[in-house]
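A look at the structure
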Amino acid sequence: GANANKIIVPSGQTLDASNGFIAPAGHTVQVGISRSTASEYFATTNTFFALSGTNLSMTAKQDNSLFIYQATLSAEADASGAHNSFFRYKYRINSGSWVYHTSTLTQNGTAFLDSGGSFNEGLAYAFDGISTSVGDVIEFQLEFRTTASGVQFNQQSLSGQPSSTSNFHQIIVQEIAQ
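What comes next concerns the included structure. Keep in mind that this is a model prediction, so the values were computed, not measured. (Residues numbered from 1 in each chain as written. Predicted model: local features only at pLDDT ≥ 70, side-chain atom pairs only at ≥ 80, totals over all residues. Heavy atoms only, no water.)

Right, let's get into the pairing of strand E9 (residues 118-127). One face of the sheet, then the other: side chains in a regular strand alternate in exactly this way. Here E9 shows one buried face, formed by Phe119, Glu121, Leu123, Tyr125 and Phe127, and one open face, formed by Ser118, Asn120, Gly122, Ala124 and Ala126. Here strand E5 (residues 66-77) pairs with E9 via ten bridges, running antiparallel. Its bridge partner lying in E9, Ala71 is registered against Leu123. (Buried < 20%, exposed > 50% of the residue type's maximum accessible area, 1.4 Å probe, protein only. Helix = DSSP H or I, 4+ residues; strand = E, 2+ residues; numbered from the N terminus. Pairing = 2+ DSSP bridges.)

Enumeration according to the criterion identifies three salt bridges in this entry. Between Arg92 and Glu139 there is a salt bridge, with the nearest N and O atoms lying 2.8 Å from each other. Residue Arg92 is found in strand E6 (residues 85-93), and its partner Glu139 is found in strand E10 (residues 137-146); the two are separated by 47 residues along the sequence. One network of salt bridges, in which partners are shared, links Arg88, Lys90 and Glu143. (Salt bridge = Lys/Arg side-chain N within 4 Å of Asp/Glu carboxyl O.)

Here the focus is unusual backbone geometry. Despite not being glycine, Asn64 has its phi angle at roughly 50°, a positive value. Along the chain, Asn64 turns up in the loop between strand E4 (56-59) and E5. The partly exposed category is assigned to Asn64, whose relative accessible area is 40%. Of note, the phi angle at Asn154 is positive, near 55°, even though the residue is not glycine. The residue Asn154 is located in the loop between strand E11 (151-153) and strand E12 (169-176) in this model.

This brings us to the nonpolar core. Of all hydrophobic cores here, the largest spans 29 residues; its most connected members are Tyr69, Leu73, Phe127, Phe140, Leu142, Phe153 and Val173. Elements that contribute at least two residues to this core include exactly E4, E5, E6, E9, E10, E11 and E12. Ignoring anything within four residues of it in the chain, the contact list for Leu73 reads Leu51, Thr54, Phe87, Phe119, Asn120, Glu121, Leu123, Leu142, Phe153 and His169. (Core = buried A, V, L, I, M, F, W, Y, C linked by side-chain atoms within 4.5 Å. Contact = heavy atoms within 4.5 Å.)

The following block contains the structure:
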């Protein structure tokens, strides 16, 4: 009949899905959030470095999901001239080796002069095509490289910063059913 493919829960009752369920494709399965006030300074270099506090781990709730990684970073550059900065994304499964997702691609970062003050970097990235199984622990991380004379993330006690506050960055990862 009309209700053949429906679960009808009577008024005043609840459906217990505490043992899990399979979310339809395109729906958010879970969200992880991390915030860090760790201050870190990067000098001019030709090497990518893992950015402290940008790690976030989660246990896969479904097989072969899409993971959306979002980062909001607070930074201040010491650059007095032209420079560039770059980000790239990596992951590992069950504490295995780090893998650069799309290893031939980087994202350009904001190039900001010291005289301009601090800046906020907003990044979003899709970790797609990762082969995972329910129960796998996936850890995500952001790497940074600059050609500036220096960039400080989460620099504290900046001129004009409200008292008793801390600059921070925030990481959000969403697992999306495929």
